[in-house]
Amino acid sequence: MDSTAVGSTPGIDSGKDFQQFELEDEEDSPYPEVRASVSNIDDPEMPVLTFRALFLGFLFCVIGGGLNFFLHIRVPAPLITPLTVQILSYPCGKFLAHILPTSIYKTPRFLTHIGLPSEWSLNPGPFNIKEHAIIVLTVNVAIAPNYALAYSITLDKFYGLPKGIAFDWLCLITCNCIGFSFAGLCRRHLVWPASLIWPQNLVTCTLFNTFHAEDDDGSDGSLTRFRFFSYVCIAAAVWYIFPGFLFTGLSAFSFLCWIAPKSKIVNQLFGVTTGLGMSVITFDWSQITWISSPLIIPWWAEVNIFVGFVLLYWIVVPILYYTNTWHFAYMPISTSVNFDRWGQFYNMTRVLTAETTLDEEGYLNYSMLFMSTTYTVVYALSFTLSTAAIVHTIIYNGKDIYLKIRNVNTEMEDVHAKLMRNYPEVPDWWYWAIFLVCSCIGIATIEIYETQLPVWMFLLSILVAGAYVLPGGYIYALTAQLITVNLIAETIPGYALPGKPIANLLFKTLSIQSLQAALLFIQDLKIGHYMKIPPRVTFMVQLTGTLVAGASQLGVKRAIEILVPDVCSPQQKAGLSCAVSAVMYEASIIWGIIGPERFFGSTSPYHTLLYFTILGALLPIPIWLLQRRYPRSWIKYINIPVMLNGSTFIPPATGINYSSWFIVGFIFQFALRRFRFRWWSKFCFITAAGLEGGTILAAIILFFALQLPMGGRLQP
């Protein structure tokens, strides 16, 4: 029987002696954190690619991908995370195992070569851990918000240059599948070595093992995880009706602005929309999780992020604003919108030609571009982070990364790599074929549609992404820090194709999305490695899941464009203001239309921002020296890249997103983890999933049942 067979009889694993699959002398991973999270045994006969795993995987791709696109353009809104899918799919799988028939069918032989089992059944037995992993692998990357769709929205709604659903689909597939091919070609360096443990995957594996080892949980009368999840989900959904519709003041809880509505300073400091959000509190879970879930991020990281935020945005920003540095006082203190020299919104039509390129004479006669205080600080952070992340990685992890690169092909296999030898590996030519086909699709797309991007720049954008896959993968695998190439992806076309914003945006999209997809696909491959999923099965579900979710996202995008005429408007009643695309649009003005040479030139006030790259290179060094001098002090928890990176969500995020996030993080990740560890270990992640699931469910129901037909009003 094929190693991925879905079983010849129900209950195939009941009473089975797994000792035959264990390696001699209970061999295990040399890393204690892996030993604590990942099983060192495998059953190659366990059903994997079953009907119910594929059905649930594709179902969650359609639902999760579509909903995440809707939520991604809404402010505020949480996203459906892989953790949510991991928890929700478990009871669904158990339910299908209970109701589906157990008949057995034969698979055509030619389909077995791509990973399909030789025999299959709608119900091959109890819902098992590998089926559960297949569902998560199918959706993990697929449902994530896609930068290519944000690019499409920017063209449609901000530039008024809609390209059509065919262009959107080709662009999405090109980015994701090129990233997919990069991931597969780098797997021997980033997935197979035992030393690359991918710590973020250990939480996923722990939950898998917890779910499938506790079928009898609650038999003693205690509260089960799923009952608790149900209670939290229902409560979160009911509560969201208040901040999400009936009394939205609970969401933007600016109570001091209510007291002094005419005070300019009070509104600047405590306001939410264009203020610093010093009101501290919000009662809207979608606001609390705007930057991430505070129930999942480690406490030390939350402290770093919040300290960085307070120093930069609640101390430095007011100083810059009230001293009128770079004319900040003539603009709102916090917004991603750009302004002209009269303090009005920057009028793009005055500096663009009919071909959407820079009108140099119009620009000289009109105005240079000015940014708000917080938007300028974000750029300063980006320049600082671009070098700080590299220097931090070199001095903290450089030796380890060098040793891993040098020894990657000679490193002895651990137990997980040995167990994975039971399954046929994916030939490299499969990944090369996808890369070549998608590259050709990408070239054809930019040639057929007017994108301002020449073929050589398309190839360069792919080269930029590919060059960062290995170093970015090593950093991500060892430090859990996901690097991006935003500055590089904006600077290269800014200098190479000055005055062409559409080309700048597309180059940036191709580089960023391809790299991000590659790193997330590699993370998925490591989950499959830990869970002993046949590589060809992982290949198939990752690829098909991406296509299914992409189609769902495009369908939802088209439906919203038809049903919501004012989508992406700042005053959109349901909050569908497209904040990410708005930031992309404003960035394209700086990098694509005006260009870095003008905007950061020696005569520009923003020229100073370039020196923050030097500051970023220097910042980690004194912290590293202090940590070596005082290795047991609190200084060891300072992490400059985390501190800087966590503060880059403003704007459109605001102060209450950080302060409320930190308060909830303190309760769960410090107090409960320290003083109620048993409760925390059993229910913390379940609480996060329940709050996310309930809030998302309520947000969707409110939008389609009330806000869309009633225009956001209580009465039609």
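No experiment lies behind these values; they were computed from the predicted model shown.

How each quantity is defined
Residues numbered from 1 in each chain as written. Predicted model: local features only at pLDDT ≥ 70, side-chain atom pairs only at ≥ 80, totals over all residues. Heavy atoms only, no water. Helix = DSSP H or I, 4+ residues; strand = E, 2+ residues; numbered from the N terminus. Buried < 20%, exposed > 50% of the residue type's maximum accessible area, 1.4 Å probe, protein only. Areas by Shrake-Rupley, 256 points an atom, 1.4 Å probe, with all protein chains shown as cover. Core = buried A, V, L, I, M, F, W, Y, C linked by side-chain atoms within 4.5 Å. Contact = heavy atoms within 4.5 Å. Phe/Tyr/Trp six-rings, centres within 6.5 Å; stacked < 30°, edge-to-face > 60°. Lys NZ or Arg CZ within 6 Å of the ring centre and 35° of its normal. Arc of directions from axis to C-beta. Expected span 1.5 Å × (residues − 1). Bend = angle between axes of the 7 residues up to and from the residue. Disulfide = S-S within 2.5 Å. Salt bridge = Lys/Arg side-chain N within 4 Å of Asp/Glu carboxyl O. Axes fitted to C-alpha atoms, helices over the stretch in contact; angles between N-to-C directions. Parallel < 35°, antiparallel > 145°, perpendicular 65-115°, else oblique. Left-handed = near helix turned anticlockwise from the far one by under 90°. Nonpolar A, V, L, I, M, F, W, Y, C, P; charged D, E, K, R; others polar. Patch = residues over 30% accessible without salt bridge, like charges linked within 9 Å, V, L, I, M, F, W, Y side chains within 5 Å. pLDDT = per-residue confidence, 0-100. Polar contact = N/O pair within 3.5 Å; in protein donor to acceptor, adjacent residues only side chain to side chain.

Our focus in this paragraph is the overall build of the protein. When helices and strands are tallied, the protein shows 29 helices and 2 strands. Per-residue burial for the protein yields a buried fraction of 56% across its 716 residues. With an accessible surface of roughly 29,900 Å², the protein has 65% of that area assigned to carbon and sulfur atoms.

On to the nonpolar core, then. The biggest cluster of nonpolar side chains holds 200 residues, and the ones touching the most others in it are Tyr 151, Tyr 313, Met 371, Tyr 379, Leu 453, Ile 590 and Phe 600. The dominant element in this core, judged by the number of residues it contributes, is helix H21 (residues 501–530), at 17 residues. Among all residues touching Met 371, those that are not within four sequence positions of it are Phe 328, Met 331, Asn 338, Thr 376, Tyr 379, Ile 590, Phe 599, Tyr 606 and Leu 609. Grouped together as the second largest cluster of nonpolar side chains are 6 residues, Tyr 240, Phe 245, Ala 698 and Ala 699 included.

The next subject is the packing of aromatic side chains. Describing an aromatic ring pair means giving the distance of the ring centres and the angle of the ring planes. Applying the stated criterion across every chain yields a total of 44 aromatic pairs. The interplanar angle of 85 degrees and the centroid separation of 6.2 Å between the aromatic rings of Trp 429 and Trp 430 together place this pair among those described as edge-to-face. Members of the aromatic cluster, each reached through a chain of ring pairs, are Trp 299, Phe 306, Phe 309, Tyr 313, Trp 314, Tyr 658, Phe 662, Phe 666 and Phe 670. Geometry around Trp 680 places Arg 673 over its ring, the cationic atom sitting 4.7 Å from the centre.

Two residues of an α-helix separated by three or four positions point the same way, owing to the 3.6 residues in each turn. Within the sequence span of helix H26 (residues 620–629), burial applies to Pro 620, Ile 623 and Gln 627. The arc that holds the buried residues of H26, viewed along the axis, is 65 degrees, so those residues lie on one side. Residues of H26 that are exposed and point more than 90 degrees away from the buried face comprise Arg 628 and Arg 629.

Attention now goes to helix H28 (residues 655–675). Under the 1.5 Å per step criterion, the end-to-end length of H28 is 29 Å for 21 residues, consistent within 8% with the ideal 30 Å. Taking the largest bend as the criterion, H28 deviates by roughly 30 degrees, centred on Gly 665.

With that settled, consider the state of the cysteines. Using the criterion set out here, one finds 1 disulfide in the structure. A sulfur-sulfur separation of 2.0 Å characterises the disulfide bridge that pairs Cys 568 with Cys 578. When the S-S torsion is -70 degrees, as for the bridge of Cys 568 with Cys 578, the disulfide is left-handed. With Cys 568 in the loop between helix H22 (535–563) and helix H23 (579–594) and Cys 578 in the loop between H22 and H23, the pair connects residues that are 10 residues apart, well separated along the chain.

Opposite charge on two side chains makes pairing possible when the charged atoms of those side chains draw close. Evaluated as defined, the whole model comprises 11 salt bridges. The shortest N-O distance in the salt bridge between Arg 52 and Glu 131 comes to 2.5 Å. On the criterion of sequence distance, the pair formed by Arg 52 in helix H2 (residues 51–72) and Glu 131 in helix H5 (residues 129–139) is long-range, its members being 79 residues apart.

Let us now look at the packing of H2 against H5. Viewed as axis vectors pointing N to C, H2 and H5 meet at an angle of 30 degrees, and their least axial separation amounts to 8 Å. Judged by the angle between their axes, H2 and H5 are roughly parallel. In the crossing of H2 with H5, the sense of the turn from one axis to the other is right-handed. Here Arg 52, Ala 53, Leu 56, Gly 57, Phe 58, Phe 60 and Cys 61 of H2 come into contact with H5, specifically with Glu 131, Ile 134, Ile 135, Thr 138 and Val 139. When grouped by side-chain class, the residues that make up the contact of H2 with H5 number 8 nonpolar, 2 polar and 2 charged.

Attention shifts here to the packing of helix H6 (residues 147–158) against H23. Two elements in contact, H6 and H23, have axes separated by 9 Å at closest approach and are oriented at 70 degrees. The angle between H6 and H23 places the two elements in the roughly perpendicular class. Side by side, H6 and H23 meet where Tyr 147, Ala 150, Tyr 151, Ile 153, Thr 154 and Phe 158 of the first sit next to Val 580, Ser 581, Ala 582, Met 584 and Tyr 585 of the second. Class assignment of the residues belonging to the contact of H6 with H23 gives a composition of 9 nonpolar, 2 polar and no charged.

Attention now moves to unusual backbone geometry. Phi angles above zero are rare outside glycine, and Gln 452 is one such case at about 70 degrees. By secondary structure assignment, the location of Gln 452 is in the loop between helix H18 (428–448) and helix H19 (455–479). What makes Gln 452 buried here is its relative accessible area of 14%. Unlike most non-glycine residues, Lys 532 shows phi in positive territory, near 60 degrees.

Where nonpolar side chains cluster on the molecular surface, the patch consists of Trp 239, Ile 241, Phe 242, Leu 246, Phe 247, Trp 258, Ile 281, Phe 283, Ile 663, Phe 666 and Ile 667 and spans about 980 Å² of accessible area. Secondary-structure elements contributing two or more residues to the nonpolar patch are helix H10 (225–246) and H28. Top contributing element to the nonpolar patch by residue count: H10, with 4 residues. Along the polypeptide, Trp 258 turns up in helix H11 (residues 255–259). Taking relative accessible area as the criterion, Trp 258 reaches 44% and is therefore assigned partly exposed.

Turning our attention to the confidence of the model for the protein. Looking at the protein as a whole, the pLDDT averages 82, with 90% of positions reaching at least 70. When pLDDT is averaged over each element of the protein, H18 comes out on top at 93 and helix H4 (residues 109–112) at the bottom at 70. Across residues 1–25, confidence stays below pLDDT 50; counting only partners more than four residues off in sequence or on other chains, it has 65 contacts.

Another point: the environment of Trp 192. If you trace the backbone, Trp 192 turns up in the loop between helix H8 (187–190) and helix H9 (199–212). A relative accessible area of 31% means that Trp 192 is categorised as partly exposed. With 334 residues separating them in the primary sequence, Trp 192 and Lys 526 have C-alpha atoms 7.8 Å apart.

A few words on the environment of Thr 357. Position of Thr 357 relative to the elements: it lies in the loop between helix H14 (299–322) and helix H15 (360–365). Put simply, Thr 357 and Ile 593 are 236 residues apart on the chain and 6.7 Å apart in space, counted from C-alpha to C-alpha. In this structure Thr 357 touches Val 351, Leu 352, Gln 452, Gly 499 and Lys 500, once residues within four positions along its chain are discounted.

Along the polypeptide, Gly 616 turns up in helix H25 (residues 612–618). Setting aside residues no more than four positions away along its own chain, Gly 616 makes contact with Thr 384, Thr 387 and Ala 388.

Bringing the side chain of Asp 156 into the picture now. In this fold, Asp 156 is placed in helix H6. Only 2.9 Å separates the side chain of Asp 156 from the side chain of Lys 557, close enough to count as a polar contact. Once residues lying within four places of it in the same chain are set aside, the contact partners of Asp 156 are Leu 161, Pro 162, Lys 163, Lys 557 and Glu 561.

Attention shifts here to the side chain of Ser 89. Residue position: Ser 89 is located in helix H3 (residues 82–99). Within the structure, the side chain of Ser 89 is placed 3.2 Å from the backbone oxygen of Gln 86, a separation counted as a polar contact. Residues within four places of Ser 89 in sequence aside, it is in contact with Leu 56, Phe 60, Phe 127, His 132 and Ile 135.

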